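Chain by chain, the residues:
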Amino acid sequence: AYRETEVTHARWAMLGTVGCLYPELVTKYGDGNYPVWFKAGAQIFSDEGINYGGNPNLIHAKSALAVLITQVVLMSFSEAYRYRGGPLGDRDLLYPGGPLVDPLGLADD
């Protein structure tokens, strides 16, 4: 159980890294105008709220509670799907498998 928890935390950390880098890179090299990652969450408390993808018609969030509830519900569905084994039905919770995950074959031991 301990290793499963650590793998889950590592996966969340990898997603968090992408969430930090994306607005920085789009602002610097693209045509976006996003705040730095550690100030981005504060926009939900402004009058404009958060426009995901820079488009107010896409997803416009003004309630931190609604965002939290939506995230918990969506993540609980995806974690339940992962826990049940996904499309293959096997339950190796520590290794996602596939050649795209381990192209060098390092997990064959």
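Our structure is the block above this text.
So, here's what we can say about the structure.

A word on the overall build of the protein chain. Across its full length, the protein chain carries three helices and two strands. The buried share among the 109 residues of the protein chain stands at 10%. A fraction of 21% describes how many contacts in the protein chain between residues 6 or more apart in sequence connect residues 24 or more apart. Carbon and sulfur atoms form 64% of the exposed surface of the protein chain, whose accessible area is close to 8,900 Å².

For helix α1 (residues 2-29), spanning 28 residues, the distance from its first C-alpha to its last is 40 Å, which sits close to the expected 40 Å at 1.5 Å a residue. Along α1, the residues that are buried comprise T8, P23 and V26.

A few words on a nonpolar patch on the surface. On the surface, a nonpolar cluster with roughly 600 Å² of combined accessible area is contributed by L65, L68, I69, V72, V73 and F77. Along the chain, L68 falls in helix α3 (residues 64-83).

Another point: the packing of aromatic side chains. Applying the stated criterion across every chain yields a total of one aromatic pair. Plain terms: the ring middles of W37 and F38 are 5.5 Å apart, the flat faces sit at 90 degrees to each other, and that makes the pair edge-to-face. Using a relative accessible area of 46% as the deciding quantity, one classes W37 as partly exposed.

Once that is clear, we can look at the side chain of T8. When you line up the elements, T8 lands in helix α1. Overall, the relative accessible area of 17% leaves T8 in the buried class. For T8, the residues in contact, after removing those within four places along its chain, are E79 and R82.

What follows concerns the packing of α1 against α3. At a closest axis distance of 14 Å, the pairing of α1 and α3 adopts a crossing angle of 130 degrees. Here α1 is positioned oblique relative to α3, judged by the angle of their axes. Every pair of crossing elements has a handedness; the one defined by α1 and α3 is right-handed. In contact with T8, R11 and W12 of α1, α3 contributes Q71, M75, E79 and R82. Residue composition of the contact of α1 with α3, grouped by class: two nonpolar, two polar and three charged.

Calculation notes
- Residues numbered from 1 in each chain as written.
- Predicted model: local features only at pLDDT ≥ 70, side-chain atom pairs only at ≥ 80, totals over all residues.
- Heavy atoms only, no water.
- Helix = DSSP H or I, 4+ residues; strand = E, 2+ residues; numbered from the N terminus.
- Buried < 20%, exposed > 50% of the residue type's maximum accessible area, 1.4 Å probe, protein only.
- Contact = heavy atoms within 4.5 Å.
- Areas by Shrake-Rupley, 256 points an atom, 1.4 Å probe, with all protein chains shown as cover.
- Expected span 1.5 Å × (residues − 1).
- Patch = residues over 30% accessible without salt bridge, like charges linked within 9 Å, V, L, I, M, F, W, Y side chains within 5 Å.
- Salt bridge = Lys/Arg side-chain N within 4 Å of Asp/Glu carboxyl O.
- Phe/Tyr/Trp six-rings, centres within 6.5 Å; stacked < 30°, edge-to-face > 60°.
- Axes fitted to C-alpha atoms, helices over the stretch in contact; angles between N-to-C directions.
- Parallel < 35°, antiparallel > 145°, perpendicular 65-115°, else oblique.
- Left-handed = near helix turned anticlockwise from the far one by under 90°.
- Nonpolar A, V, L, I, M, F, W, Y, C, P; charged D, E, K, R; others polar.

Geometric values such as these leave the question of function open.
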